[in-house]
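Notes for the structure review
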Amino acid sequence: MATPTLTSVSSHLRASPPWPPPKNTIQRTRFRCGVLTPSGHVLEAAAPPRDTRNSPNGATRADVNVQIDTFCRSGELAEALRLLGSDGVDARSYGAVIQLCSELISLEAGKRAHFLFRASGVGKDGVGSVLGRKLVLMYVKCGDLGNARRVFDEMPQVSDVRVWTSLMSGYAKAGEFQDGVLLFRQMHCSGIRPDAHAISCVLKCIACLESIADGEVVHGYLEKLGLGVQCAVGNALIALYSKCVHVEGALQVFDGMSNRDVISWNSVISGCFSNRWHGKAVELFGKMWSEGLEINPVTMLGVLPACAELGYELVGRVIHGYCVKTGLLWELESLENGIDENLGSKLLYMYVKCGELGYARKVFDAMSSKGNVHAWNLMIGGYAKLGKFQESILLFEKMHDCGITPDEHTISCLLKCITGLSSVRDGLVVHGYLVKFGFGAQCAVCNALMSFYAKSNRIEDALTVFDEMPHRDVISWNSMISGCASNGLYDKAVELFVRMWLEGQELDSTTLLSVLPACTQLHCSFIGRVVHGYSVRTGLIGETSLGNALLDMYSNCSDWRSTNKIFRNMEQKNVVSWTAMITSYIRAGHFDKVAGLFQEMGLEGIRPDVFAITSALDAFAGNESLKHGKSVHGYAIRNGIENVLPVANALMEMYVKCENLEEARLIFDHVINKDTISWNTLIGGYSRNNLANEAFTLFSEMLLQFRPNAVTMACILPAAASLSSLERGREMHTYAVRRGYLEDNFVANALVDMYVKCGALLLARRLFDRLTNKNLISWTIMVAGYGMHGRGRDAIALFEQMRKNGIQLDASSFSAILYACSHSGLRDEGWRFFNAMRNEHRIEPKLKHYTCMVDLLSHTGNLKEAYEFVESMPIEPDSSIWVSLLRGCRIHRNVKLAEKVAEMVFELEPENTGYYVLLANIYAEAEKWEAVRKLKNKVGGRGLREKTGCSWIEVRGKVHVFAADNRNHPQEARIAEFLADVARRMQEEGHDPTKKYALMGADDAVHDEALCGHSSKLAVSYGVLNLSEGRAIRVTKNSRVCSHCHETAKFISKMCSREIILRDSNRFHHFEEGRCSCRGYW
């Protein structure tokens, strides 16, 4: 006979009970399981036909009842049930059979006994209290609450509290908590005094409903009845308050209990743990221990997780030892079976949470049963948290071999381990495995898969998984948005965020933190402001991490006002907040504000970390604020972080940019574990500060310890360029090709610049043409290169090509083309580009642009126009502009204007002797010897000395340096003899250089000595004498070449049929066949 399901019985809409049967016994209505059939007929299988003549076996009524009692005592339910169909069976026998059905939990037998009782007519006046109680208890124990309630409602007056309690207990066990509470109210209204069991049952129902108000009412009621002192009631109250997150109430009840049993202690310990009062749970366990109470496995199950959450590994080990000593840890059947599974799992959790994987593994290996996937997950997850991904994978393989079916948590953890190992192949295998075993649709597994693909740079596969998910939670969206942002798909990340919003998905702080980096990279302040507004409306703005992300977003979008406003309105700032604000000032170029912010940070009690210190040092490096940089250096020393590698590298960078190379080298020498950044910082510092030899020396030391990277190449190549060391530059080029560094734009541009500055313009252009990714810097270098070499027309052609290619021009680009026009005397073209810069490209000219224009106008003889141009400048001219005009006055012999301009120059830079020499040359060439003498006296009276110039040339890998006042070169005699021959031949051919030069007397012998002693001619002569014919002679000079050296180099190039490439501080001079590429514009 089929049993009606519990769901088919409504506790709210109850039908009228079918008992007692109608008094008209002629036409008896039959029932099946107490439910009336629609047609009014019975199912014939409800009961066997009755023999009205005699009872079975011919037994008398008394004998039948005795036999039934005997069968019930011996537990023979079938035989007792068979005799119930006989005549003469009394209510006592029915009660005995129903009680046996209850004990054996036989619902079908109980229903049949109930039916036979009704059909016999014994209970025609209704169900008595005794039999009714037994029927209710039987139906409750068998789980049929519908019939239990029908019997209960059929009883005329239920005064026995045990009947109420039985039904209430049944509701509690079946999860019908509301019905249990309603039944208690009905009991109270009926005037039935509850006992401790009834109170415990209703408190359990209220606890499950988490109705603290009803619980407090019942608490007050039982106090009134005087039941509050009973231990069972107190335990139920503790459970109620714990369940309703009212730990204070639970502790108050516990403290007020006069008699506590082990259940009381276990309940309060478990309640404290479940409400995250972990410390109180451990404290109560300590008191329980000290009072000598019995500690059972339930106690351990409550206190071990609390130890885990607190990290009380020592306490956990003490408890572990107690469990071993008392035998609680072992199964009762046999010690050989191993550790009890429940206690073992809690111990595992405690050890894993405390990071003691060694102890955890010993417990795991000793567990009696490893069929619980939770234990495997704990171990796999524990290894993963410590970064032991390979151990996690090996344990998963063992789990698979043991036939344990993984769950979604196992798969998720496994994917995290594979992600940590960057094993794409294993990840693909696991993906196939989970699809095969039906995990592919589970949300947690798909989230882990997306994370794996995103971190493995397979974002398209992650998007495929996301699109195929049947159900997505907020973690799914967050993972996908974050994955797209981390893989550079910023537009897709923003698109997903908008789609998530439109679909009505709940946004949390992680969502906002995931999309803000994409807004930052896209400079998408609109979406950023939307996120900001949402965070304010939902209260998420109070989270410090979100405030920091908004700071970074507004800073990248150059919204300094919003950045500062958010920072000042943040309730809680951490060191990240202050560091983000420092970075914001750096981006805005407000380096001067960083020092004040750094000081304010200290006053707020925020201790700067490594990132804050390095950010501040970066600002002071950008501002070249040596004073503030040294202050941070002192802080680093006082706090013992000077030698922390990022701090040391930042300190070196700061000192390098402040041109304090000695201090930078001291820090470098004290760093024990140098990395590539350390070497690159100092090498780049030497290169930028024109200490090329030191840069190459340090580079050679680096080669013995580290492999140079692309940044190293970009740092050392300017050193080769500054020395015009073509051989070293080619070596660097070869090394970069072997290592594949030419794909790096910085290296490629540095190589082009090196060839340009080494005079190999053809090689520079070939390399430039081969670059696959030319950027603005590449084009600008090449344009400037043509300008340095006096090829202005080629520079203009390349500049126009750059514009046609859609390259966005900047101030440096126009500086390069104006420089080229100046060195080629292209006045009209120069004006055209200068006006285009201002009018078409809206670029405001800076001093360097005005300097190029003044230089151009001066060299082309437009001195008046140049002077008026300077006077009309919207910004104050510096000394370089006036010096350009002064040099133009020398070229075109305008002494009057030269004197006027020289006054401005001397006022701006009174200590620079070079400018006095320049004016003296102007006087000498105009044969104003008295003015020369006065100027010489003026210079001498002020203690100024003319700076000694030098030139150098590289021959067979060695650099030879020549200075005017140095006669210690091994080939001095050969050089002097060669120059004497050059001077003689120049006189013979009528090319006698002028003897009117700066700050010198009129004695011819002195003139000749000075003429032969100029460093440029010494270097050129050495090259002619030591380099094979056909090779170009490459000389570099640290100042502008004088007219004597210039004319002599022209003559040598013709006399010896040699190509001479002379690079001075201003430009290149290509001498060939007696002609120079500068055409007089130098």
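Everything that follows concerns the structure shown earlier in this document.
This write-up is about the structure you can find in this document. Please read these numbers as outputs of a predicted model, since none were measured by experiment.

Our next topic: the overall build of the protein chain. From N to C terminus, the protein chain includes 56 helices and 6 strands. In the protein chain, which comprises 1082 residues, the share counted as buried stands at 49%. When contacts within the protein chain are restricted to residue pairs at least 6 apart in sequence, long-range pairs at least 24 apart make up 62% of them. When the accessible surface of the protein chain is split by element, carbon and sulfur atoms take 51% of a total near 51900 Å².

What follows deals with the side chain of Thr563. Mapped onto the elements, Thr563 comes out in helix 30 (residues 560-569). If sequence neighbours within four positions are ignored, Thr563 has contacts with Leu551, Tyr554, Ser555, Met581 and Ser584.

Now for the side chain of Ser476. Counting through the fold element by element, Ser476 comes out in helix 25 (residues 474-486). Residue classification places Ser476 among the buried positions, given a relative accessible area of 0%. For Ser476, the side chain forms a polar contact with the side chain of Asn447, separated by 2.6 Å. When near neighbours in sequence (up to four residues on either side) are disregarded, Ser476 contacts Cys443, Asn447, Met450, Phe466 and Met469.

Take the pattern of salt bridges next. All told, the structure shown has 35 salt bridges when counted by the stated rule. Across the pair Arg568 and Glu600 runs a salt bridge whose closest N-O atoms are separated by 2.9 Å. Of this pair, Arg568 sits in helix 30 while Glu600 is found in helix 32 (residues 591-603), placing the two residues 32 residues apart along the sequence. Arg568 sits in the partly exposed class, given a relative accessible area of 37%. Close ionic contact of Arg933 with Glu930 constitutes a salt bridge, the shortest N to O distance being 2.0 Å.

A separate point is the environment of Leu550. Relative to the assigned elements, Leu550 resides in helix 29 (residues 544-556). Given the relative accessible area of 0%, Leu550 is considered buried. Residues Leu550 and Val531, 19 residues apart in the sequence, show an inter-C-alpha distance of 8.8 Å.

Let us look at helix 17 (residues 341-353). Given 3.6 residues per turn, any residue in an α-helix points the same way as the ones three and four places further on. For helix 17, spanning 13 residues, the distance from its first C-alpha to its last is 18 Å, which sits close to the expected 18 Å at 1.5 Å a residue. Along helix 17, the positions that sit buried rather than exposed are Leu343, Gly344, Ser345, Leu347, Leu348, Met350, Tyr351 and Val352. Buried positions along helix 17 lie against helix 15 (297-310), helix 16 (313-326), helix 18 (357-366) and helix 19 (373-385). Among the residues trailing helix 17, Gly355 stands out with phi positive, at a value near 80 degrees.

Quick look at the packing of helix 55 (residues 1015-1026) against helix 56 (residues 1043-1055) now. Between helix 55 and helix 56, the least distance of the axes is 9 Å, while the angle of their chain directions is 20 degrees. Judged by the angle between their axes, helix 55 and helix 56 are roughly parallel. Classified by chirality, the crossing of helix 56 by helix 55 is right-handed. Of the residues in helix 56, those touching helix 55 at Ser1016, Lys1017, Val1020 and Val1024 are His1044, Cys1045, Thr1048 and Ile1052. Looking at the contact of helix 55 with helix 56 residue by residue, the class counts come to 4 nonpolar, 3 polar and 1 charged.

Bringing the packing of aromatic side chains into the picture now. How two aromatic rings sit relative to each other is set out by the distance from centre to centre and by the angle between their planes. Scanning the model with the defined rule gives 27 aromatic pairs in all. Taken together, a centroid distance of 6.4 Å and an interplanar angle of 55 degrees make the contact between Trp679 and Phe706 tilted. Here Trp679, found in helix 37 (residues 676-688), pairs with Phe706, found in the loop between helix 38 (692-703) and helix 39 (710-723); they are 27 residues apart in sequence, far enough to count as distant. By relative accessible area, Trp679 is classed as buried at 2%. Take Phe706: its relative accessible area is 26%, and that puts it in the partly exposed class. Judged by centre distance (6.0 Å) and plane angle (85 degrees), the rings of Trp831 and Phe834 are edge-to-face. Of this pair, Trp831 and Phe834 both sit in helix 46 (residues 827-839), 3 residues apart, which is roughly one turn of the helix.

What follows covers the pairing of strand 3 (residues 1033-1037). Among the 5 residues that make up strand 3, 4 are buried, leaving the element largely enclosed by the rest of the structure. Here 3 bridges tie strand 1 (residues 950-955) to strand 3, and the two strands are oriented antiparallel to one another. Note on strand 3: the bridge partner recorded for Ser951 is Lys1037. Two elements, strand 3 and strand 4 (residues 1060-1063), share 4 bridges in a ladder whose sense is parallel.

Counting across every chain of the model gives 0 disulfides. Of the cysteine sulfurs around Cys205, a residue in no disulfide, the closest is that of Cys208, at 6.8 Å.

About the criteria used
- Residues numbered from 1 in each chain as written.
- Predicted model: local features only at pLDDT ≥ 70, side-chain atom pairs only at ≥ 80, totals over all residues.
- Heavy atoms only, no water.
- Helix = DSSP H or I, 4+ residues; strand = E, 2+ residues; numbered from the N terminus.
- Buried < 20%, exposed > 50% of the residue type's maximum accessible area, 1.4 Å probe, protein only.
- Contact = heavy atoms within 4.5 Å.
- Areas by Shrake-Rupley, 256 points an atom, 1.4 Å probe, with all protein chains shown as cover.
- Polar contact = N/O pair within 3.5 Å; in protein donor to acceptor, adjacent residues only side chain to side chain.
- Salt bridge = Lys/Arg side-chain N within 4 Å of Asp/Glu carboxyl O.
- Expected span 1.5 Å × (residues − 1).
- Axes fitted to C-alpha atoms, helices over the stretch in contact; angles between N-to-C directions.
- Parallel < 35°, antiparallel > 145°, perpendicular 65-115°, else oblique.
- Left-handed = near helix turned anticlockwise from the far one by under 90°.
- Nonpolar A, V, L, I, M, F, W, Y, C, P; charged D, E, K, R; others polar.
- Phe/Tyr/Trp six-rings, centres within 6.5 Å; stacked < 30°, edge-to-face > 60°.
- Pairing = 2+ DSSP bridges.
- Disulfide = S-S within 2.5 Å.

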